[in-house]
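# Structural description and commentary
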Amino acid sequence: MQQFHQTFFEESFEGLDIMENELLNLDVGNADNESINTIFRSAHSIKGGSGTFGFTAIAEFTHVAETLLDEMRDGIRPVTQESVDLLLKSVDVMRDMLTVYKDGGDMDADNIAEVQGKLEKLLGSDSANTASAQDASANTANENSDGWLITFRPHTEMLRTGNDPVRMIYALAELGEIETKADISELPAFTDLNPEDSFLSWEITLKGDAKKEDISEVFDWVEDECDLDIQPISGASETAPSTDTVETPTTTATTTTAQAAPTPAAAQAPANTASAKKPTESASIRVGIDKVDEIINLVGELVITQAMLGQVGGEISGDESHNNSHMEKLVEGLAQLERNTREIQESVMRIRMLPISFVFSRVPRLVHDLSGKLNKKVNLVTLGEGTELDKTVMEKIGDPMVHLVRNALDHGIETPEERLAAGKEETGTLTLNAYHKGGNIVIELSDDGAGINKERVLNKARANGLVGENETLSDDAINDLIFHPGLSTAETLSDVSGRGVGMDVVRKNIKSLGGSVRVDSNEGEGAIFTIQLPLTLAILDGQLVRVGEETFVVPLVSIIESIQVKSNNLNGIAGKADLYKLRDEYIPVIRADNVFGMNNSFESLNDRLMVVVEGDGHKAGIIVDDLLAQQQVVIKSLETNYQRVDGLSGATILGDGTVALILDIPGMIEMFKEKGVPVPPAPVNPDGNGSDDIADEAA
Amino acid sequence: MASILAVDDSASMRQMVSFTLKGAGYDVTEAKDGQEALQIAKSNSYNLVITDINMPNMDGITLTKELRGLPAYKFTPILTLTTESSADKKMAGKQAGATGWIVKPFNPDQLLATVKKVLG
């Protein structure tokens with residue numbers, strides 16, 4: 001049975017999501033019957049499955065919730081806010097129980113008992129005691145060792161429910177030795193015989209120690225379609241068999257008639273089978289993520305191989321001596337290979353893509369619970385739910401999203417009174433929107449609440465020493481302060497959000513996915529948080545740079561600009577590190593060759609190329625020797641293939657087969673801050689004559 | 001070997017029913033609701049239909065009625081999957097023309113025993 005558990009868990013979690021969703025959308029007092037039906041069906045499936053697969057605790061709990069839903073469905077019980085809330089709690093309990101069955105751990109027995117108690121209280125606890133009475137009556141049948149006399153008289157229509165008397169007689173034969181006597185007295189003349197009707201009845205003597213309920217069970221399905229009498233035979237009363245011998249021949253004759261009845265149906269069967277088509281399969285399949293990842297990995301290799309071939313092809317075709325028709329075909333083939341490879345890559349990546357609704361679907365419940373807790377009225381609008389993004393990105397964006405929603409409800413949207421006082425509608429609106437932009441997905445979370453109080457944020461930041469007393473900041477810069485660790489402006493701390501930890505974590509988590517988050521706000525009108533994320537973590541848009549003999553990849557998202565170093569803008573601080581005056585600000589200068597221990601530094605930084613990058617809110621300049629092409633690279637993990645290296649986020653294989661390392665910009669800046677990377681060391685290459693060349697190339 | 005059409009909106013129940021019956025040598029086709037089952041049933045033929053009752057699109061009771069209306073399924077055994085609590089559901093199934101029922105929860109042995117009862 002275990003092989004079905006995974007499917008059971010998946011569908012049950014989906015079922016719970018459906019229940020939750022429908023419950024949240026339920027119009028209390030005027031509930032849509034189809035919605036209640038859908039909720040009931042999900043609960044019913046979970047109950048049935050959990051019973052079948054041995055998860056009895058869930059089955060028992062769900063049974064109570066199902067009973068409540070059944071009464072709502074039948075219109076016996078009104079749909080009240082109280083019952084909906086209780087059902088939502090039940091969904092939570094069921095989800096917890098499922099998780100425990102799936103992943104192990106302990107059940108929260110108190111909570112389960114509490115919610116179940118409330119459900120039972122609501123139901124009036126009268127449903128539990130009826131089952132045992134029936135069992136008791138079934139057991140009153142005495143143990144009879146002499147056997148039974150069964151009189152079985154099917155009604156005329158019994159065959160029409162697909163029940164075959166012969167099968168029942170066979171089933172009785174398995175309980176003990178039987179003697180069967182058929183009564184054919186009702187059988188009409190052959191011309192009047194309707195083969196779809198039943199005209200026979202039987203008297204069956206069953207010997208042995210079969211129990212009465214076993215016999216009843218044989219006729220369980222046809223109770224209402226026959227007259228049935230089961231009587232114990234006392235040891236002495238063996239009078240019936242006297243007629244037995246006489247009747248026997250007719251028994252065989254009539255049995256054939258009984259079997260003949262279903263023939264019209266049976267005869268049609270083979271004819272249909274011949275022309276039978278394969279039934280259509282369902283539109284999706286479940287596949288293990290490891291299988292998909294293996295394909296993605298292999299396609300990555302394919303892309304690299306294709307790039308290599310493309311490069312070689314380019315070189316050969318540039319060579320005049322090879323110019324012939326074969327060459328043309330080769331070039332054509334390579335171009336086609338490139339197209340196909342790209343298409344395969346895109347298709348494969350799409351397998352991992354899921355609609356953002358998986359994340360958005362968590363929000364309605366959150367808004368429902370929080371607005372209740374905070375006494376606020378909130379209308380949730382979601383747009384672009386079909387926008388797709390990578391499964392891994394999706395899983396990691398859930399928590400930051402939840403935090404932003406909490407934040408919007410707690411700090412953003414005001415109480416109904418405050419809103420009315422401000423001349424707004426009583427009910428606030430929280431809008432979630434998702435769309436694709438370039439190679440990124442953009443998620444916007446906007447509310448029409450109070451917005452960010454810039455003055456308060458600035459005062460707080462001044463008090464915390466984050467901003468100097470006389471320093472003036474742009475509006476954007478002030479808004480950006482809310483992502484700073486340790487800054488929370490809520491006047492009262494609540495258990496919903498607001499201990500000043502959170503927004504910085506939100507930003508950190510989003511950054512770790514290679515994305516960004518910003519906020520725009522007009523005081524009094526609301527705020528809009530914009531999250532930008534890469535569609536996938538497997539591919540990166542990179543700028544290739546040369547440092548010494550090596551090629552590195554700088555993620556394009558982190559690059560601000562590239563400039564040529566002017567020595568009069570360079571400042572050394574305390575002989576430790578270089579700072580560069582970039583317009584109004586000073587940024588640290590990181591020498592990539594030093595960071596990665598390549599001893600080919602030039603003495604002077606003058607005229608060299610510097611890529612200005614930003615990571616984790618800090619800017620830095622990275623000194624490189626040349627800017628090469630911009631291209632998409634397939635990311636290979638260093639951890640899995642080698643080991644973690646500070647300052648590098650991964651590696652890739654270039655078209656010529658060489659390995660290029662991908663720079664971890666935030667990591668490099670962190671390294672710089674921590675250790676203060678050594679000052680330019682003594683010149684190892686005193687005659688360094690490369691600087692002019694680089695200036696030329698950069699120009 | 002006898003062919004069986006198994007209808008359930010729950011994938012795990014479908015898998016379990018199908019796996020058990022296939023293991024016993026039956027030829028099993030799955031359908032995820034009454035509507036799909038009816039379509040499949042029309043273009044194929046089966047010796048037995050096992051159907052869940054509560055399903056989206058078309059429930060098991062309606063499916064049973066529809067099947068009984070087709071000449072090819074006039075006498076075909078149809079079993080409904082039902083929970084113990086719903087005695088009225090068993091009867092609703094019977095009234096729609098079902099042969100009998102299998103009570104949930106059931107284990108593979110119980111399922112096979114019941115199927116043997118109608119198919120031998």
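On a predicted model such as this, the values are computed, not experimentally measured, just so you know.

### Observations concerning the overall build of chain A
Of regular secondary structure, chain A possesses 23 helices and 22 strands. Out of the 699 residues in chain A, the part that is buried amounts to 29%.

### A look at the overall build of chain B
Along chain B, the regular secondary structure elements total five helices and five strands. Listing each helix as α and each strand as β along chain B from the N terminus yields β-α-β-α-β-α-β-α-β-α. Expressed as a percentage of its 120 residues, the buried residues of chain B come to 54%. Considering only intrachain contacts with a sequence separation of at least 6, the fraction spanning at least 24 residues in chain B is 59%.

### Quick word on the sheet that holds strand E9 (residues 440-447) of chain A
All names here are of chain A. An order of E6-E8-E9-E11-E10 is seen for the five strands of this open sheet, with the pairing classed as mixed. The sheet terminates laterally at strand E6 (378-383) and strand E10 (516-522), the two strands that pair on one side only. Across the sheet, the mean angle separating the axes of adjacent strands is 15 degrees when strand polarity is ignored. Alignment of E6 against strand E8 (residues 428-437), held across six bridges, turns out to be parallel. Paired with valine 378 across the bridge in E8 is glycine 428.

### A look at the sheet that holds strand E2 (residues 178-183) of chain A
All names here are of chain A. Strand order across the open sheet formed by four strands is E2-E3-E1-E4, with antiparallel pairing between neighbours. In this open sheet, the two strands that pair with only one neighbour each are E2 and strand E4 (226-232). Along the sheet, successive strands turn relative to each other by an average axial angle of 15 degrees, direction set aside. Pairing of E2 with strand E3 (residues 201-206) involves six bridges; the strand directions are antiparallel. The residue bridging alanine 182 from the neighbouring strand is tryptophan 202, located in E3. Helix H7 (residues 165-173) contacts strand E1 (148-154), E2 and E3 of the sheet and is inclined by roughly 5 degrees relative to E3.

### Remarks on the interface of chain A and chain B
Each side of the interface is counted separately: chain A has 34 residues, and chain B has 34 residues. Listed by contribution, the elements that provide at least two residues to the side of chain A that touches chain B are helix H1 (5-25), helix H2 (33-52), H7 and helix H10 (263-274) of chain A. The leading source of residues in the side of chain A that touches chain B is H2 of chain A, at eight residues. Per-class residue counts for the side of chain A that touches chain B are 12 nonpolar, 14 polar and eight charged.

### Observations concerning the pairing of strand E11 (residues 526-534) of chain A
Residue and element names in this part refer to chain A. Looking at chain direction, E9 and E11 are connected through eight bridges and run antiparallel. Its bridge partner lying in E11, isoleucine 443 is registered against isoleucine 531. Bridging between E10 and E11 involves seven bridges; their strand directions are antiparallel. By the bridge assignment, valine 519 is partnered in E11 with phenylalanine 529. Between E10 and E11, which pair antiparallel one after the other, the connecting turn spans three residues, and glycine 524 there sits at a positive phi close to 90 degrees.

### What to know about the confidence of the model for chain A
All names here are of chain A. Here chain A averages 78 in pLDDT, while 82% of its residues score no lower than 70. In the predicted structure, residues 490-500 sits below a pLDDT of 50 and forms 22 contacts with residues beyond four places in sequence or in another chain. Here residues 677-699 scores under 50 on pLDDT; set against residues more than four positions off or in separate chains, the count is 39 contacts.

### What to know about the nonpolar core
Generally speaking, nonpolar side chains in soluble globular proteins are found buried as a group. Counting 64 residues, the largest nonpolar core has Leu5, Ala41, Val49 and Ile50 of chain B as the members making the most contacts within it. Counting residues per element, this core draws most heavily on helix H3 (residues 56-73) of chain A, which supplies eight residues. Apart from the residues within four sequence positions on either side, valine 49 of chain B is in contact with Leu5, Val7, Ala41, Leu67, Thr76 and Ile78 of chain B. Ranked by size, the runner-up nonpolar core spans 37 residues in total, among them Met401, Ile441, Val467 and Leu481 of chain A.

### Side note on H3 of chain A
Residues and elements named next belong to chain A. The terminal C-alpha atoms of H3, which comprises 18 residues, lie 25 Å apart, in line with the 26 Å expected from a rise of 1.5 Å per residue. When H3 is considered as a whole, its buried residues turn out to be Ile58, Ala59, Phe61, Thr62, His63, Val64, Ala65, Glu66, Leu68, Leu69 and Met72. In this fold, the buried residues of H3 make contact with H2, helix H4 (81-103) and helix H5 (109-123). Following H3 by one or two positions, glycine 75 has its phi on the positive side, about 80 degrees.

### Points about helix H1 (residues 11-23) of chain B
Taking 1.5 Å of rise per residue, 13 residues should cover 18 Å, and H1 of chain B covers 18 Å from first to last C-alpha, within 8% of that figure. Contacts made by the buried residues of H1 of chain B are with H1 and H2 of chain A together with strand E1 (3-7), strand E2 (27-31), strand E3 (48-52) and helix H5 (108-119) of chain B. With its phi angle positive at about 95 degrees, glycine 25 of chain B sits one or two positions after the end of H1 of chain B.

### Overview of the packing of helix H3 (residues 60-68) of chain B against helix H4 (residues 87-96) of chain B
Residue and element names in this part refer to chain B. Remark: H3 packs on H4, axes separated minimally by 8 Å, with the N-to-C direction vectors making an angle of 20 degrees. Classified by the angle between their axes, H3 and H4 sit roughly parallel to one another. In the crossing of H3 with H4, the sense of the turn from one axis to the other is right-handed. In contact with Gly60, Ile61, Thr64 and Lys65 of H3, H4 contributes Ala92, Gly93 and Ala96. For the contact of H3 with H4, the residue count by class is three nonpolar, three polar and one charged.

Basis of the calculations
Residues numbered from 1 in each chain as written. Chains lettered and ligands numbered in written order. Predicted model: local features only at pLDDT ≥ 70, side-chain atom pairs only at ≥ 80, totals over all residues. Helix = DSSP H or I, 4+ residues; strand = E, 2+ residues; numbered from the N terminus. Buried ≥ 20, exposed ≤ 12 C-beta atoms within 10 Å, placed from the backbone. Contact = placed C-beta atoms within 7 Å. Pairing = 2+ DSSP bridges. Axes fitted to C-alpha atoms, helices over the stretch in contact; angles between N-to-C directions. Nonpolar A, V, L, I, M, F, W, Y, C, P; charged D, E, K, R; others polar. pLDDT = per-residue confidence, 0-100. Core = buried A, V, L, I, M, F, W, Y, C linked by C-beta atoms within 7 Å. Expected span 1.5 Å × (residues − 1). Parallel < 35°, antiparallel > 145°, perpendicular 65-115°, else oblique. Left-handed = near helix turned anticlockwise from the far one by under 90°.

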